[in-house]
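Now for the letters of each chain:
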Amino acid sequence: MSRCTAFLTFLAILLAPRAALAQGVLVVVDPHQQVRLPRPIVIHHYHPHPPISTPPTPVATYKIKELELSARLTDQIARVQVSQTFVNTGSRQMEVSFVFPLPYDGAVEQMTLLVDGKEYPARLLDAKEARKLYEDIVRKNQDPALLEWMGTGLFKTSVFPVPAGASRTVSLRYSQICRMQDGLTDFLFPLGTAKYTSHPIEKVSLRVSIESGQKIKNVYSPTHEVKIKRPDDDRAVVTCTMKDDIPSSDFRLFYDVGKGRVGTRVLSYRPDKDHDGYFLLLASPDIKAPDEKPVAKTVVFVADRSGSMSGKKIEQARGALKFVLENLREGDLFNIIAYDSEVEAFRPELQRFDDENRKAALGFVEDLTAGGSTNIDAALRTALAQLDDNDRPSYVVFLTDGLPTAGVTNEMKIVEAAQKANDVRARLFVFGVGYDVNSRLLDRLARTCFGQSEYVRPDEDIEDRVSSLYRRIQSPVMTGVKIEFTLDESRAEEGKPVNRVYPRGDFDLFAGQQLVVVGRYRRPGAAKVVVSGKVGDETQRFDFTAKLVAKSPDESQAFIEKLWAVRRVGEILDELDLAGRNPELVEELVRLATRHGILTPYTSFLADDGVNLHDVATNRRVAADRLSALESAEGRYGFAQRSYKGQLQNALAAPAMMAPSVAGRSDTAAPGQAGMGGMGGFGGGLEKADRELQSAGETIRNVSNRAFYRRDNRWIDATLTAEQEKNPTRVKQFSRDYFDLAQRYGRELSQYLTFDEPVVVNLDGQAYLIER
């Protein structure tokens, strides 16, 4: 389940009988009452830790029931409309005010707010006025939540009533000027405030349409997994829907426009000038005009028809084959290889796609029946032997639900034979169906043959997964793509300017695809980026300029480092899985997991509040022991591990793979889901990891670009060294020093002060302990 989170702040002011109105957020003005923003009801399934402190139960509270966001972006102007329904779950009437924190000062030009269709006037407070309001509320309620938005202005409405048990629908319309970041329009919406709700939001829907007079190139969200549709060159529609979700972050969307066949932009982030920086490259090819002839390709579909495929699975496999056949194009070459103990081809050689061959192939598919053993080796060699044209994009879609039980059954020999037979560097897309596959073999095949492995659970539809892949690869625009960086003042003896780039190797670009590449750079400065590859029969090069920053002024681009870390962890696991033990890689895995709160089944022991985060040797040994689970290549155990590894390697947004955020926890998560992007149930030797992952939200939390760990009844910033932890500067929560510190560092600090419990945070190399 992706964590698509959307929300516009609902902040309420309560009036007690016979009391004067005070400014604030869910504040009762009765001097004997304190009302905090609502937090989710949390139920943990395994080994719950006692909370550090128990927040006072609010006298009044509310939940967000539904939220719908619609935005239209034209150039740098965003026209936004939000409708949300919230319910007073308290026992008495609330007198509330709607407060909206601005994405950044000067962004919002107009704002109209309606409550159940009635317009309410709203007042704009600049950053200075808003700061005083935030401070008053935080101090009055002893609730640090609002500090997260200190430093920008806000809109605040007049007061309106919400009776106990009643619901109110708030609608908001406004225009916003978006910022530009390195040539990209940056749309930011303060959605993360929805984490302050007493229950998960039943439904969140998000729709952003982009219109431009120029060709739209890159469209990318670093915070959410979104669906992107491109009706034509100058329009794009971004959507995301979530049910029963607790938000954790604001919504952010980048897009750019331009000319040329491939649009490329580079963002960079370097928090420490003495260490490597991180870059994110976005590339997107032109959408072809309807009358433009697409690049011809070759597709060979290899389908398992062994006895284990009987029943529903063979029906779905036939459906998948029919989908591919109905979506081939004139000029494409194709064939179908069906296998059990024996191998049978639709035709002895590749066929040119036309109506006659389409009908004959559909008849061949309809006659497929399940029975016999599984000869994976012979099926792959037969398919790859048909490919002999190095100039055509060639794709093999391979489907199996079992182990190799006929012919050659040795894992390494099967891989070696496939590699030898793949003379044209065809890309092999492997689908492992169900838990009975040798998932390590499938990963080896995909990696050796320049493709990708996907795993289909028994309750998933094979046709849906295969058709989804085929839609992505059906229109290649540029193949064998390589990306090179050169710096204006680089020297050969300094080595390559970039390293550890993911995805690694060359790749193909498809129409409508948004390519996201991350990597590290050693030296800052002006750079030239060269994207080269084959377009049809010709090799073409596209040059772009980029700037790699020497030192980032803030953490607004910190998501780049996080996404790189997620993919790097996936690559480390892949190396350990396919190449065997390596102590240096294990240590790097533990270091990255600790620093970024990336919870894997091999490092989830970090959730134990008795683990010393700085004891590298011990933590490496524990992780190494757990990594022995990768020796299991078969069954549900092997399936879950390789599926999760693939999620890391192909992540487009980091948050789904992280530990829970401060309030991003709910009682709706199934065992094993916490921080795992929906993965869990590893079983085998990792049952303890399952339990740790389930309860990780109690001891590990991600806030912006940092992970915090609960140790000794306080939260510890993972960027701190052992020495820094020992000598923190103490600051009393809600004191004058506390607010002065928040003002001095702004959002760089305030976003890390939203813990109710004591927290030790790193600011410019100095540790600060915030305590009551």
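Presented here is a report on the structure given in the accompanying data block.

Calculation criteria
Residues numbered from 1 in each chain as written. Predicted model: local features only at pLDDT ≥ 70, side-chain atom pairs only at ≥ 80, totals over all residues. Heavy atoms only, no water. Helix = DSSP H or I, 4+ residues; strand = E, 2+ residues; numbered from the N terminus. Buried < 20%, exposed > 50% of the residue type's maximum accessible area, 1.4 Å probe, protein only. Contact = heavy atoms within 4.5 Å. Areas by Shrake-Rupley, 256 points an atom, 1.4 Å probe, with all protein chains shown as cover. Pairing = 2+ DSSP bridges. Axes fitted to C-alpha atoms, helices over the stretch in contact; angles between N-to-C directions. Patch = residues over 30% accessible without salt bridge, like charges linked within 9 Å, V, L, I, M, F, W, Y side chains within 5 Å. Salt bridge = Lys/Arg side-chain N within 4 Å of Asp/Glu carboxyl O. Lys, Arg positive; Asp, Glu negative; His and termini not counted. Charge placed at Lys NZ, Arg CZ, Asp CG, Glu CD. Parallel < 35°, antiparallel > 145°, perpendicular 65-115°, else oblique. Nonpolar A, V, L, I, M, F, W, Y, C, P; charged D, E, K, R; others polar.

Some words on the overall build of the protein
Right, on to step 1. Looking only at helices and strands, the protein has 15 helices and 40 strands in total.
Right, on to step 2. By the burial criterion, 58% of the 772 residues in the protein qualify as buried.
Right, on to step 3. Contacts in the protein between residues far apart in sequence, at least 24 positions, make up 76% of those at least 6 positions apart.
Right, on to step 4. Element-wise, carbon and sulfur atoms account for 46% of the exposed surface of the protein, whose accessible area totals about 30,800 Å².

A word on the sheet that holds strand β29 (residues 476–487)
Right, on to step 1. Within the open sheet, the four strands sit side by side as β31-β29-β33-β34. Their pairing is antiparallel. Each edge of the open sheet is held by one strand with a lone partner, namely β31 (507–510) and β34 (538–548). For this sheet the average axis-to-axis angle between neighbouring strands, irrespective of direction, equals 35°.
Right, on to step 2. Here β29 pairs with β31 via three bridges, running antiparallel. By the bridge assignment, proline 476 is partnered in β31 with phenylalanine 510.

Focus on the sheet that holds strand β10 (residues 154–157)
Right, on to step 1. With respect to topology, three strands assemble into an open sheet ordered β6-β10-β9, the strand pairing being antiparallel. The sheet terminates laterally at β6 (99–101) and β9 (122–125), the two strands that pair on one side only. Between one strand axis and the next, the sheet turns through 20° on average, direction left out of account.
Right, on to step 2. Relative to β10, β9 runs antiparallel, the two sharing four bridges. Along β10, the bridge assignment pairs leucine 125 with leucine 154.
Right, on to step 3. With respect to the sheet, helix α1 (residues 127–141) is in contact with β6, β9 and β10, its orientation differing from that of β9 by roughly 105°.

Some details on the environment of arginine 744
Right, on to step 1. Considering the arrangement of structural elements, one finds arginine 744 in helix α14 (residues 736–745).
Right, on to step 2. Residue classification places arginine 744 among the exposed residues on the basis of a relative accessible area of 56%.
Right, on to step 3. Residues arginine 744 and glycine 151, 593 residues apart in the sequence, show an inter-C-alpha distance of 10.0 Å.

Regarding a negative patch on the surface
Right, on to step 1. A cluster of acidic side chains, namely Glu66, Glu68, Glu202 and Asp244, defines a negative patch on the protein surface.
Right, on to step 2. As for its placement among the helices and strands, aspartate 244 is situated in strand β18 (residues 235–245).

Side note on the packing of helix α9 (residues 583–596) against helix α10 (residues 616–627)
Right, on to step 1. For the pair α9 and α10, interaxial distance at closest approach is 9 Å and the crossing angle is 105°. Between α9 and α10, the crossing angle belongs to the class labelled roughly perpendicular. Along its contact with α9, which presents Pro583, Val586, Glu587, Leu589 and Val590, the element α10 presents Val616, Asn619, Arg620, Ala623, Ala624 and Leu627.
Right, on to step 2. Grouping the amino acids of the contact of α9 with α10 by side-chain chemistry returns eight nonpolar, one polar and two charged.

Observations regarding the pattern of salt bridges
Right, on to step 1. What the rule picks out here adds up to 47 salt bridges.
Right, on to step 2. One salt bridge connects aspartate 340 with arginine 305, and the closest N-O pair in it is separated by 3.1 Å. Taken as a pair, aspartate 340 in the loop between β23 (333–339) and β24 (343–345) and arginine 305 in the loop between β22 (298–304) and α2 (312–326) lie far apart in primary sequence, 35 residues in all. Here aspartate 340 and arginine 305 have matching classes, each one buried.
Right, on to step 3. Residues joined in a network through salt bridges with shared partners are Asp443, Arg447, Arg504, Glu571, Asp574, Glu575, Asp577, Arg642 and Lys645.

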